[in-house]
Amino acid sequence: MKYAVNNAVWSGSWVAERLGVELVGDDGLTGLLGLALRRNPKRAHLLVSNVLGKHVPQSPSVVYGHGFALGRRVRDLLGTDEARTAVVLGYAETATGLGHSVADGLGLAPYLHSTRRPVPGVATAGGFEESHSHATSHLLLPEDPALLVGEGPLVLVDDEFSTGNTVLNTIRALHERYPRRRYVVVALVDMRSAADAGRLEEFAREIGARVDLVAAASGTVRLPEGVLEKGQELVARHESPPMPSTQSYGRTTRVELRWPRGLPDGGRHGFTPAHRERLEGALPAMAARLAEALPSGARRVLVLGFEELMYAPLRLARELEQLADTADTVGPEVRYSTTTRSPVLAVDDPGYAIRSRLVFPAHDDPADGPGERYAYNVAGGGFDAVVAVVDSVADTPALHAPDGLLAQLAAHTPHVVLAVVPSYVPEPLYVPERPLPMLPEPLRGPAFSSYAPEEVGWLLQDLSDVTLEAPTEEREEAIQSGGAHYAESLPVEYQPTEQYQELFHAALEDSAARLARAVGAVTELVLAERSPRPVLVSLARAGTPIGILMRRWAQYRHGLDLPHYAVSIVRGRGIDANALRWLAAHHDPRDVVFVDGWTGKGAITRELADALEEFEASDGITGFDPEIAVLADPGSCVRTYGTREDFLIPSACLNSTVSGLISRTVLRADLVGPHDFHGAKFYRELAGTDVSVAFLDAVSARFPEVVDAVDAQAKELLSGERAPTWEGWAAVERISEEYGIRDVNLVKPGVGETTRVLLRRVPWKILARAGAGADLDHVRLLAEQRGVPVEEVTELPYTCVGLIHPKYTRGATGADGKAVTV
């Protein structure tokens, strides 16, 4: 007599009747599991999950929903604070997608899955054995070597928890290298015996750690004596060679997904919450491309993943399913499953979990050599189309061969769509081929700057004892005559009046929340698109407060402790090459994200790109990305920004007293040698008027209230068009021509740059957008103090523009710089 499940035949009854196997446990257990027989000398039966999306095609929403719900339960168990410190680890190949879905439900933790695919150049962070599997060795290959280091919980995810041996092997191997206090084991079904359950508890006491278990259902399998031998005999009796595919009645088309550049295809090398946010933004467009490639009138569609590549196909299938549900006309029924290495007997019986089997050769050049691969329950599934999703490593001639997967699919469905996800392979860390000169460690507060030592390391040399200041008018004449470069001296530090200081504090109070939103948004873009653990490198000194705020946001929102440095870049001279060499020796250049406060016309953006190209040619060090992340991009010069509004950033109002008491950087041949960092001064004597930390604290204090706004803004930016238009540069050229200046370097657009003109250069006039309000109060005050006219202009793309006095000499225009002569 066959078991009945919801008036249907249970897909484990065929095995249960013939081998005497019993499945007992929670209500609904037989709805989650069926039974099949495997060709395996260690275990005869196979528990076949109906909700895993491996062997049995299932609704992708059901598959994803089960994993996501388990992740939510883990988050409730751990609490938000502990969840932020967790790492989720899934098992290859069966649970790679399940583990990833659990990580999504947890929402706060990075994800890594084990792999059986060695990747050249990627160091192994660990490994373990799966005793009952047909393929035992698991490798751990995180891109970030520190991913498994930490005291937070390790969440281990597998499809079933049968004996506990795999989990014990994993914890034992990892605990020796990365000990921690807590582990959480997650499975769709807990099928351990009482003895196995006790063994896990004993092991937890042995290593002095807490081990929790979260499962969707629990039960056990009762096996009679001699079941292994009986199972092997049954397999031998019913096994038949696969029928060769003699003809193909379907056709195969390829669709370009346009997978986001640099986004990992899964968790083989690590996948962070920031990666997930980036994927979420790209999924609708990719699913729409899949939908367009499907034949008109298709009623039943299978999205078929590939071995360990389970998560990306699952998310694409779920998005395609949701797209079909929201369509004006009835969309196709979408199902999801994947190919597998696991050899299982197929029996076309309603009481057996594996009704059909496609056999094809491996097509990803596996390390353990060629062999058979399988797709179950596809043939005879009534699919009008199958979307095969593979990674680029597997897009080989074997895939397209007459006996390959695509041909096998085409023999059983009229339409096959091939979608290829680029295989993500981390580049090896840079190792210098030749010894580099010894460079000093970064300068840190309180010895250098008023910032806390962990906030920023300055890749500079301390020139505090050298007299470098010159009167503003003298510097301007030397710079414009070509007699000196602006980086060879320093302006006398502007000492703000009491009235000006009041303006600064008022501006900070008014704009702190707006600043916090922009800080949060640009940080989220960096985490989503650039690196899950970026190395922030501020362009000193205007970028430094912004870099510190971004570091604080990453710590507040994601629990990340990001390294942060400040380096010198000089217009016309490039970036400090020794600072780049130090960074490459201590970090992966691909993780470095250059940070600045704002863009004007984009001169520094271009300077950095040119300097990095020159540096790569001279030193052979690659990986540094010239894309600058800025708080505000009014000139539309970059694609990584918090806002493109031209508003008052209070840190632009002051000089060193809002930048850790550090001067502008200095580059002069008699002070900076070929193996030295660029220089700067620490104005310790200005400590009484220093507001550097107060500025940071005022903005950071607003983080909690802007979280929702940041999430919305980041999502909008990630899904929107952000390509630079360089409209700021065009405006500067137009203004330069219109006002007869004919030198774009003397036109300084934006509130920040205009403020610098008034504080450090000889200003000629200020152009202000008609109707600009409080954002320009400090500009108007400085202009009044220096006797500089403020001219209101309509249709100005910036809030204001500062014009440096063209062709300035003290003899021609007066030593005070107020007389206007061109």
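Structural data are supplied above this passage.
Rules behind the numbers
- Every residue gets a number counted from 1 within its own chain, in the order that chain's sequence is written.
- Side-chain atom pairs in this predicted model are given and counted only at pLDDT of 80 or more, local residue features only at pLDDT of at least 70, and totals for whole chains, interfaces and linings cover all residues.
- The side-chain values count all of the structure's non-hydrogen atoms but skip hydrogen atoms and water molecules.
- Put simply, two rings from Phe, Tyr or Trp (the six-membered ring, in Trp's case) pair if the centres are within 6.5 Å, and we call them stacked under 30 degrees between planes, edge-to-face over 60, tilted for the rest.
- Sitting over a ring, as applied to charges here, requires NZ of Lys or CZ of Arg to be within 6 Å of the ring centre and within 35 degrees of the ring normal.
- A run of DSSP states H or I qualifies as a helix once it reaches four residues; a run of E qualifies as a strand once it reaches two. Both are numbered from the N-terminal end.
- Only protein chains enter the accessibility calculation, which uses a 1.4 Å probe; a residue whose area is less than 20% of its type maximum is buried, one above 50% is exposed, and one in between is partly exposed.
- Two residue types count as positive, namely Lys and Arg, and two as negative, namely Asp and Glu; His and chain ends fall outside the count.
- Between Lys or Arg on one side and Asp or Glu on the other, a salt bridge is scored when a side-chain nitrogen of the former is within 4 Å of a carboxyl oxygen of the latter.
- Polar contacts, as counted here, are pairs of nitrogen or oxygen atoms within 3.5 Å of one another; within protein the pair requires one atom able to donate a hydrogen and one able to accept it, and residues that are adjacent in sequence qualify only if both atoms are side-chain atoms.
- In this description, contact between two residues means that some pair of their heavy atoms is separated by no more than 4.5 Å.
- Fitting a line to C-alpha atoms yields each axis, with helices limited to the stretch in contact; the angle taken between N-to-C directions then spans 0 to 180 degrees.
- Throughout, the term roughly parallel applies to angles under 35 degrees, roughly antiparallel to angles over 145, roughly perpendicular to angles from 65 to 115, and oblique to all others.
- Rotating anticlockwise by less than a right angle from the far helix to the near helix defines a left-handed crossing, while the corresponding clockwise rotation defines a right-handed one.
- Only Asp, Glu, Lys and Arg are considered charged, only Ala, Val, Leu, Ile, Met, Phe, Trp, Tyr, Cys and Pro nonpolar, and every remaining residue, Gly among them, polar.
- For two strands to pair, DSSP has to find at least two bridges joining them.

**Student:** Where do I start with the packing of aromatic side chains in this structure?
**Tutor:** In this description, an aromatic ring pair is defined by two values, namely the gap between the centres and the angle between the planes. Tallying each qualifying case throughout the model produces 13 aromatic pairs. Ring-pair connections join several aromatic residues into one group, and the members of that group are Phe448, Tyr451, Trp458 and Phe682. The ring of tryptophan 764 has lysine 765 sitting right over it, with the charged end atom 4.7 Å from the ring centre.

**Student:** Can you walk me through the side chain of arginine 180 in this structure?
**Tutor:** Mapped onto the secondary structure, arginine 180 falls in the loop between α6 (165–177) and β11 (182–190). No salt bridge is formed by the buried arginine 180; its nearest oppositely charged neighbour, glutamate 151, is found at 9.2 Å. Polar contacts involving the side chain of arginine 180 include one to the main-chain carbonyl oxygen of leucine 148, which spans 2.5 Å. Setting aside its immediate chain neighbours within four residues, arginine 180 contacts Leu148, Val149, Gly150, Glu151, Gly152, Pro153, Leu154, His175 and Ala209.

**Student:** Whenever I open this one, the packing of helix α16 (residues 577–586) against helix α17 (residues 603–619) confuses me. Can you help?
**Tutor:** The relative placement of two packed helices comes down to the angle between their axes together with the axis-to-axis distance. Two elements in contact, α16 and α17, have axes whose closest approach is 11 Å; the angle formed by their N-to-C orientations is 65°. Looking at the two axes, α16 sits roughly perpendicular to α17. Every pair of crossing elements has a handedness; the one defined by α16 and α17 is right-handed. Where α16 approaches α17, its residues Ala577, Leu580 and Arg581 are matched on the opposing element by Leu612, Phe615 and Asp619. Within the contact of α16 with α17, the residues separate by chemical class into 4 nonpolar, no polar and 2 charged.

**Student:** Teacher, can you tell me more about the pattern of salt bridges here?
**Tutor:** Think of it this way: side chains of opposite charge can pair up when their charged atoms draw near. Summed over all chains, the structure comprises 38 salt bridges. Between glutamate 455 and arginine 552 there is a salt bridge, with the nearest N and O atoms lying 2.6 Å from each other. A residue pair is termed long-range when its members are at least 10 positions apart, and glutamate 455 in the loop between β19 (415–421) and β20 (457–458) and arginine 552 in helix α15 (residues 543–558) qualify at 97 residues. Just as glutamate 455 is buried, arginine 552 falls in that class too. Across the pair aspartate 625 and arginine 530 runs a salt bridge, and its minimum N-O distance is 3.6 Å. Pair noted here: aspartate 625 is in the loop between α17 and β29 (629–632) and arginine 530 is in the loop between α14 (498–529) and β24 (535–539), with a separation of 95 residues, a long-range link. Residues joined in a network through salt bridges with shared partners are Glu82, Arg182, Arg210 and Asp212.

**Student:** Just checking my understanding: could you explain the pairing of strand β35 (residues 800–804) for this structure?
**Tutor:** Extensive coverage of β35 is indicated by the burial of 5 of its 5 residues. Here β35 shows two buried faces, one formed by Cys800, Gly802 and Ile804 and the other by Val801 and Leu803. Bridge analysis of strand β32 (residues 747–749) against β35 gives 3 bridges, and the strand direction is antiparallel. Counted as the bridge partner of lysine 748 is glycine 802 from β35. By the bridge criterion, 5 bridges tie strand β33 (residues 763–769) to β35 in an arrangement that is antiparallel. Bridge assignment links leucine 767 to a residue of β35, and that residue is valine 801.

**Student:** Before we go on, may I ask you to explain helix α5 (residues 96–106) in this structure?
**Tutor:** Quick reminder: α-helices carry 3.6 residues per turn. Residues three or four places apart thus point the same way. A large share of α5 lies buried, amounting to 11 of its 11 residues. Taken residue by residue, α5 has Thr96, Gly97, Leu98, Gly99, His100, Ser101, Val102, Ala103, Asp104, Gly105 and Leu106 as its buried positions. After α5 finishes, the residue glycine 107 shows a positive phi value of roughly 80°.

**Student:** I would appreciate a short explanation of unusual backbone geometry in the present structure.
**Tutor:** A negative phi angle characterises most non-glycine residues, just as the trans form characterises most peptide bonds. With an omega of 0°, the peptide bond running from glycine 445 to proline 446 counts as cis. Positive phi is not limited to glycine here, since aspartate 365 has a value of about 50°. For aspartate 365, the position within the fold is in the loop between β16 (357–361) and β17 (372–376). Taking the relative accessible area as the measure of exposure, aspartate 365 reaches 69% and is therefore exposed. In the Ramachandran plot, asparagine 377 falls in the positive-phi region, its phi being about 60° despite a non-glycine side chain. Assignment of secondary structure puts asparagine 377 in the loop between β17 and β18 (385–391). Residue asparagine 377 is classed as buried on the basis of its relative accessible area of 10%.

Spatial relationships are all this shows, so hold off on functional conclusions.
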